Amino acid sequence: MIYNNTDYTFSAWVNINGTLGGSPAVVVGSFRIAPITYLGVTSTGQIYSRINFNSSFDIAATTTANLRDQSWHHIAVTFDRDGNMTQYVDGVNVSNTSISSMNGLGMHPTSSLNTVKIGAGNSAGNPTNEFNGTIDDVMIFNRSLSAQQIYALWRNQTNVIVAQETRSWENWSVQATPNDGFEDGAMTTSNNVTILDL
């Protein structure tokens, strides 16, 4: 869950098929009560991100890259309540829009009061702005990922820990549970690794 005044990230792989069902078509978002926030694609294939509390606090951003090329693309948006709404296409930062004016307004896009939707928006309980295409590997993080973390997601390097995920003097260990395709084996814990200096 993402609660008040937290940063967050939406991420997904998309492949657009022809005409979108609405503009912007929703890839993933949170609807019902303020804030309404989502990551989508315009009818001309650009990434569209929005965070809306009311008419006084409504910020949207659109990129210039056209994703309507029948290919897979990784798209992401990070929401840093003290800074920017940052959009990425295929691991590259393509736009930054300040959302610092919304700091303190209570960003909680996946609280129990909101409804997370994938592939369509929500208006009075009815689907709107449907996405026409394929969506895969949707992720919602309760923090604003760094550019390096977004790049690692695009490269499918989920086995990599980028420097922005560590701090000096942290202890890291790994717990692994083997599985032979039928059942889990005994969990094993590695020795600790201490991050000395970054």
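In the block above lies the structure referred to throughout.
Remember, predicted model here, so these are calculated numbers, not experimental data.

Draft legend 1. Looking closely at the overall build of the protein. The secondary structure content of the protein amounts to one helix and 16 strands. For the protein, with 198 residues in total, the buried portion stands at 40%. Within the protein, counting contacts between residues at least 6 apart in sequence, those at least 24 apart form 58% of the total. As presented, the protein carries roughly 10400 Å² of accessible surface, and 47% of it is formed by carbon and sulfur atoms.

Draft legend 2. Broad picture of the side chain of Ser 11. Mapping Ser 11 onto the fold places it in strand E1 (residues 8–16). Looking at Ser 11, the relative accessible area reads 1%, which means it is buried. Here the side chain of Ser 11 touches His 74 through a polar contact of 2.8 Å, side chain to side chain. Ignoring anything within four residues of it in the chain, the contact list for Ser 11 reads His 74, Ile 75, Ala 76, Asp 137, Val 138, Met 139 and Leu 153.

Draft legend 3. Summary view of the sheet that holds strand E7 (residues 84–89). Across the sheet, five strands lie side by side as E8-E7-E6-E1-E12; this open sheet has antiparallel pairing. At either end of the open sheet lies a strand with only one pairing partner, and these are strand E8 (92–98) and strand E12 (133–141). Geometrically, the sheet is characterised by an average inter-axis angle of 15 degrees between neighbouring strands, direction not taken into account. Along the sheet, helix H1 (residues 147–154) makes contact with E1, strand E6 (73–79), E7 and E12, crossing E6 at roughly 155 degrees.

Draft legend 4. Here's a closer look at the nonpolar core. Phe 10, Val 27, Leu 39, Ile 75, Phe 79, Met 85 and Phe 131 are the most contacted members of the largest nonpolar core, which totals 22 residues. At five residues, E1 tops the list of elements feeding residues into this core. With six residues, the next largest nonpolar core counts Ala 76, Tyr 88, Leu 145 and Leu 153 among its residues.

Draft legend 5. Looking closely at the packing of aromatic side chains. Across all of its chains, the model carries five aromatic pairs by this definition. Centroid distance Tyr 8 to Phe 79: 4.5 Å. Interplanar angle 20 degrees. Geometry classified as stacked. Residue Tyr 8 is located in strand E1, and its partner Phe 79 is located in strand E6; the two are separated by 71 residues in the primary sequence. You'll find Tyr 8 and Phe 79 in the same group, each marked buried. Taken together, the ring pairs in this structure connect Tyr 8, Phe 10 and Phe 79 into an aromatic cluster.

Draft legend 6. Focus on the pairing of E1. In terms of burial, E1 is a largely internal element, nine of the nine residues being buried. One ladder, built from seven bridges, connects E1 with E6; its direction is antiparallel. Residue pairing across strands places Tyr 8 opposite Phe 79, the latter belonging to E6. Pairing analysis gives seven bridges linking E1 to E12, with the strands arranged antiparallel. Bridged to Ile 16 within E12 is Gly 133.

Cut-offs and rules
- Residues numbered from 1 in each chain as written.
- Predicted model: local features only at pLDDT ≥ 70, side-chain atom pairs only at ≥ 80, totals over all residues.
- Heavy atoms only, no water.
- Helix = DSSP H or I, 4+ residues; strand = E, 2+ residues; numbered from the N terminus.
- Buried < 20%, exposed > 50% of the residue type's maximum accessible area, 1.4 Å probe, protein only.
- Contact = heavy atoms within 4.5 Å.
- Areas by Shrake-Rupley, 256 points an atom, 1.4 Å probe, with all protein chains shown as cover.
- Polar contact = N/O pair within 3.5 Å; in protein donor to acceptor, adjacent residues only side chain to side chain.
- Pairing = 2+ DSSP bridges.
- Axes fitted to C-alpha atoms, helices over the stretch in contact; angles between N-to-C directions.
- Core = buried A, V, L, I, M, F, W, Y, C linked by side-chain atoms within 4.5 Å.
- Phe/Tyr/Trp six-rings, centres within 6.5 Å; stacked < 30°, edge-to-face > 60°.

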